[in-house]
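This is what each chain is made of:
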Number of protein chains: 4
Amino acid sequence: MPHPPTGFAPGLSLASARVIADAALAKGRALNLAPLTVVVLDQAAQPKLVLREDGASLMRVEIATGKAFGCMALGFGGREMARRSAKMPGFMNALSDLCGGRAVPVPGGVLVRDEQGVVLGAVGISGDASDQDEVCAVAGIEAVGLAADTGDPQ
Amino acid sequence: MPHPPTGFAPGLSLASARVIADAALAKGRALNLAPLTVVVLDQAAQPKLVLREDGASLMRVEIATGKAFGCMALGFGGREMARRSAKMPGFMNALSDLCGGRAVPVPGGVLVRDEQGVVLGAVGISGDASDQDEVCAVAGIEAVGLAADTGDPQ
Amino acid sequence: MPHPPTGFAPGLSLASARVIADAALAKGRALNLAPLTVVVLDQAAQPKLVLREDGASLMRVEIATGKAFGCMALGFGGREMARRSAKMPGFMNALSDLCGGRAVPVPGGVLVRDEQGVVLGAVGISGDASDQDEVCAVAGIEAVGLAADTGDPQ
Amino acid sequence: MPHPPTGFAPGLSLASARVIADAALAKGRALNLAPLTVVVLDQAAQPKLVLREDGASLMRVEIATGKAFGCMALGFGGREMARRSAKMPGFMNALSDLCGGRAVPVPGGVLVRDEQGVVLGAVGISGDASDQDEVCAVAGIEAVGLAADTGDPQ
């Protein structure tokens, strides 16, 4: 039975977020990665889902959230965030301060777009090397039939 | 395939957190409650799991986290937090400031204990009336065979 | 000429926000109110528009933003926020801390809904008495043909 | 009908801020830039006006505010802020922390001076490349007949 309507339309459903997260974690297990934390944000950059695997160290939720939030803040994926951090460290340090640290400029933050390019939210993963984190985020997003924008040209 | 061991022992497994959350949300749907957000914290008060149902307003993750974190902060359930807030508002306001608001003193924050009484973590739920939120948290904790400490005498 | 597409869909257009704000300020002038500050937030609770009239004191933008953000945080208008603040001061103090003060529980924060009840954003006004601030917010929202949810039953 | 006098003298009128912002956004559309956010601060570094174009990503108001606030904080334009960030990163990072991130040291923050050189406020724009953001800020300030101080020698 669905809950009563509230009028808040989040862009990405919890059902989709679950598929994304489960596929991302399955990818991590298939690759034998370190314990992962996956965060899915909606169009308002609010968390829809957080899952933190057993054995993860303490700040993984904040780091994964920061990867995803940074993408929402500037409008491009984590690889472009990393490039800008290298070129414009003063700007990216200020951005980090502006949003309470929630703009972590490394791969593993990935925008979720629909077929028209509309941003539905973002996925952030932390736990293994950033490149591996990103592989899992992309696998998750593709499992639900949406487009993963990592910040690199397609 | 399990990930490599890291030495971080969380107290509450992600598998258990999933059972708790799914049972809590099922209870909310059975009662036709407003959209719920459920947060499960481990022994270190770090999130293991967050699920936010479609239609929830914006700060529900923070509120649910605050209910659960407050329980971990002082070591008793949300009903005792509410009583202390009524009796000692100055102290509870200071506690709220100390932890950045993450000590929300209302029902719906519930400690998770094992059969020896060891605190394994806490569950926080927000979205409907506090009493209803608590009913769902208790249903979730009991679904995994652990003891729910709401802050009222057993 | 429109700008290139980015994929970010905010719910409430800047054009609509301008109509809302201009009508709200016109109402304030017609009523000879103190200088007003009007804030319009979109579906992600991000500012679309802020206008602060000459002579306004210093924190009016933050107060008006807090009125509007509080509505988005809990999902109801400022009058219900005020009622809950009276009944549950500990909870509302904690909410204020949780969101850095951006949950000001008084009239003058009004949800903007479309004809289906979907929340498109919120308007916050500060400068005169809260009831007068609210009158102007409602006038603004109605000028653009949307529904104003003040937190009182319709 | 004007509102009653309050004694707060803002330096830059809301009417002037509107002319600045509308001219800045018109320039951005003429150049086919990405969606822009424009912020106009008064002599007390309080916002007079914020306009955020449709499609802008989430943190653009904070970034534009930070460009303008940084200019007010140290008393020179964004290009000098950028030079100091390169030469004195430790100082500029500390400044950023001091003001909660509101000192974003890049072009696009521009001081507004009258014919005697008195600082009336500052304009910050974010959304496209920093150089382009600055072009629009200058166009806005000149549209109201005031002097734009970008931080470069005139």
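In this report, we go over the structure that sits alongside the text. (Residues numbered from 1 in each chain as written. Chains lettered and ligands numbered in written order. Predicted model: local features only at pLDDT ≥ 70, side-chain atom pairs only at ≥ 80, totals over all residues. Heavy atoms only, no water.)

### Quick word on the packing of aromatic side chains
Cut-off, in case you're wondering: Two aromatic rings, drawn from Phe, Tyr or Trp (for Trp, its six-membered ring), form a pair once their centres lie within 6.5 Å of each other, and the interplanar angle then sorts them: stacked below 30 degrees, edge-to-face above 60, tilted otherwise. Counted as over-ring charges are cases with an Arg CZ or a Lys NZ within 6 Å of the ring centre that also lie within 35 degrees of the ring normal.
As enumerated under the stated definition, the model contains 0 aromatic pairs over all chains in all. The ring centre of Phe69(A) lies 4.0 Å from the NZ or CZ of Arg102(A), which sits over that ring.

### Brief notes about the pattern of salt bridges
Let me state the cut-off plainly: One speaks of a salt bridge when a side-chain nitrogen belonging to Lys or Arg is within 4 Å of a carboxyl oxygen belonging to Asp or Glu. Secondary structure elements follow DSSP: runs of H or I no shorter than four residues count as helices, runs of E no shorter than two count as strands, and numbering proceeds from the N terminus. Only protein chains enter the accessibility calculation, which uses a 1.4 Å probe. A residue is then buried if its area is under 20% of the maximum for its type, exposed if over 50%, and partly exposed in between.
Summed over all chains, the structure comprises 44 salt bridges over all chains. Ionic pairing is found between Asp131(A) and Arg79(A), a salt bridge with its closest N-O pair at 3.0 Å. On the criterion of sequence distance, the pair formed by Asp131(A) in helix 5 (residues 130-143) and Arg79(A) in helix 3 (residues 78-87) is long-range, its members being 52 residues apart. Asp131(A) gets classed as partly exposed once you look at its relative accessible area, which sits at 45%. Among the ionic pairs, Arg83(B) bridges to Asp152(B), the shortest N-O distance being 2.9 Å. Here Arg83(B), found in helix 3 (residues 78-87), pairs with Asp152(B), found in the segment after strand 5 (147-149); they are 69 residues apart in sequence, far enough to count as distant. By relative accessible area, which is 31% here, Asp152(B) ends up partly exposed. Where salt bridges share partners, they join Glu80(A), Arg83(A), Arg84(A) and Asp152(A) into one cluster.

### A closer look at helix 1 (residues 14-30) of chain C
The cut-off we apply is this: Expected helix span is taken as 1.5 Å per residue step, with the number of steps being one fewer than the number of residues. For this analysis, residues touch if any pair of their heavy atoms sits within 4.5 Å.
For helix 1 of chain C, with 17 residues, the first-to-last C-alpha span of 24 Å sits near the 24 Å given by 1.5 Å per residue. Those residues of helix 1 of chain C that fall on the buried side of the exposure criterion are Leu14(C), Ser16(C), Ala17(C), Ile20(C), Ala21(C), Ala24(C), Leu25(C), Gly28(C) and Arg29(C). Its buried side turned inward, helix 1 of chain C meets strand 1 (37-41), strand 2 (47-52), strand 4 (119-126) and helix 5 (130-143) of chain C together with helix 1 (14-30) and strand 2 (47-52) of chain D. Once helix 1 of chain C finishes, Asn32(C) follows within two positions and takes phi at roughly 55 degrees, a positive value.

### What to know about the interface of chain B and chain A
The condition that has to hold: Reported buried area values correspond to the accessible surface (1.4 Å probe) lost by two parts on association, with both partners' losses combined. The term polar contact refers here to a pair of N or O atoms within 3.5 Å; inside protein, the definition further demands a hydrogen-donor-capable atom paired with an acceptor-capable atom, and it admits residues adjacent in sequence only when both atoms are side-chain atoms. In this classification, the charged set is Asp, Glu, Lys and Arg, the nonpolar set is Ala, Val, Leu, Ile, Met, Phe, Trp, Tyr, Cys and Pro, and all remaining amino acids, among them Gly, are polar.
Each partner contributes residues to the interface: chain B has 36 residues there, and chain A has 35 residues. Across the chain B to chain A interface the summed buried area is about 3,100 Å²; carbon plus sulfur atoms make up 55%. For the pair chain B and chain A, the interface holds 6 salt bridges. The salt bridge partner of Asp22(B) is Arg18(A), with a shortest N-O separation of 2.9 Å. Our count for the contact surface shared by chain B and chain A stands at 14 residue pairs in polar contact (both at pLDDT 80 or more). Mapped onto the side of chain B that touches chain A, the elements with two or more residues apiece are helix 1 (14-30), strand 2 (47-52) and helix 2 (60-74) of chain B. Of all the elements, strand 2 of chain B adds the most residues to the side of chain B that touches chain A, at 6 residues. Tallied by class, the residues present in the side of chain B that touches chain A amount to 20 nonpolar, 7 polar and 9 charged.

### Some remarks on the relation of the copies chain B and chain A
Both copies of the chain are placed relative to one another by a rotation about an axis and a shift along it. This is how it is decided: The copies were overlaid with a least-squares fit restricted to C-alpha atoms from residues scoring a pLDDT of at least 70 in each copy.
With an axial shift of 0.1 Å and an RMSD of 0.1 Å, the rotation relating chain B to chain A amounts to 180 degrees. Such a turn and shift between the copies fits a two-fold axis. Within chain B, Val50(B) has its C-alpha nearest the rotation axis, a separation of 2.3 Å. A share of 97% of interface residues in chain B that are also interface residues in chain A marks the association as one of identical surfaces.

### What about unusual backbone geometry?
The general pattern is negative phi for most residues beyond glycine and trans for most peptide bonds. The backbone of Ala45(A) sits at a positive phi, close to 65 degrees, despite the residue not being glycine. Looking at the secondary structure, you find Ala45(A) in the loop between strand 1 (37-41) and strand 2 (47-52). On the accessibility criterion, Ala45(A) (7% relative accessible area) is buried. You will see that Asn32(D), though not glycine, has its phi angle at about 55 degrees, which is positive. Inspection of the secondary structure assignment puts Asn32(D) in the loop between helix 1 and strand 1 (37-41). Note on Asn32(D): relative accessible area 38%, which makes it partly exposed.

### Comments concerning the interface of chain D and chain C
Interface size is often expressed as the accessible area that is lost when the parts come together. The interface of chain D with chain C comprises 36 residues on the first partner and 35 residues on the second. Approximately 3,100 Å² of surface area, both sides summed, lies buried where chain D meets chain C, with 55% of it carried by carbon and sulfur atoms. Linking chain D with chain C are 6 salt bridges, by the criterion used here. Taken together, the links from chain D to chain C amount to 14 residue pairs in polar contact (both at pLDDT 80 or more). Looking at the side of chain D that touches chain C, the elements that each hand over two or more residues are helix 1, strand 2 and helix 2 (60-74) of chain D. For the side of chain D that touches chain C, the element with the most residues is strand 2 of chain D, which contributes 6 residues.

### What to know about the relation of the copies chain D and chain C
Screw-axis analysis of chain D against chain C gives a translation of 0.1 Å along the axis, an RMSD of 0.1 Å, and a rotation angle of 180 degrees. Comparing interface residues between copies, 97% of those in chain D also sit at the interface in chain C, which points to an isologous, same-surface contact.

### Considering the packing of helix 3 of chain B against helix 4 (residues 89-98) of chain B
Residue and element names in this part refer to chain B. Applicable threshold: Angular values range over 0 to 180 degrees, each being the angle between N-to-C directions of two axes fitted as lines to C-alpha atoms, with helices fitted over their stretch in contact. An angle below 35 degrees is read as roughly parallel, one above 145 as roughly antiparallel, one from 65 to 115 as roughly perpendicular, and any other as oblique.
Two elements in contact, helix 3 and helix 4, have axes separated by 5 Å at closest approach and are oriented at 120 degrees. Here helix 4 runs oblique to helix 3, going by the angle between their axes. On helix 4, the residues that touch Met81, Arg84, Ser85, Ala86 and Lys87 of helix 3 are Pro89, Met92 and Leu95. The class makeup of the residues in the contact of helix 3 with helix 4 is 5 nonpolar, 1 polar and 2 charged.

### A closer look at the side chain of Glu80(A)
Residues and elements named next belong to chain A. Within the secondary structure layout, glutamate 80 lies in helix 3. Look at glutamate 80 and you get buried, because its relative accessible area is 17%. If we ignore the near neighbours within four places in the chain, the residues touching glutamate 80 are Thr150 and Gly151.

### Brief notes about the pairing of strand 3 (residues 109-113) of chain B
Our working rule: Should DSSP find at least two bridges between two strands, the strands are regarded as paired.
With 4 of its 5 residues buried, strand 3 of chain B lies for the most part within the structure. Where strand 3 of chain B hands over to strand 4 (residues 119-126) of chain B, the hairpin turn is made up of 5 residues, of which Gly117(B) adopts a positive phi near 90 degrees.

### What to know about the state of the cysteines
Convention followed: Any two cysteine sulfur atoms within 2.5 Å of one another count as a disulfide.
By the definition in use, this model includes 0 disulfides over all chains. Among the cysteines around Cys136(A), which has no disulfide bond, Cys71(A) carries the closest sulfur, lying 16 Å off.

### Quick word on the pairing of strand 1 of chain C
Residue and element names in this part refer to chain C. Most of strand 1 sits out of view: 5 of its 5 residues are buried. Along strand 1, one buried face is formed by Thr37, Val39 and Leu41 and the opposite face, lined by Val38 and Val40, is buried too. Direction of pairing for strand 1 relative to strand 2: antiparallel, over a ladder of 5 bridges. Paired with valine 40 across the strands is leucine 49, a residue of strand 2. Here 5 bridges tie strand 1 to strand 4, and the two strands are oriented antiparallel to one another. Residue pairing for strand 4: leucine 41 is matched across the bridge by alanine 122.

Purely geometric numbers; function is a separate question.
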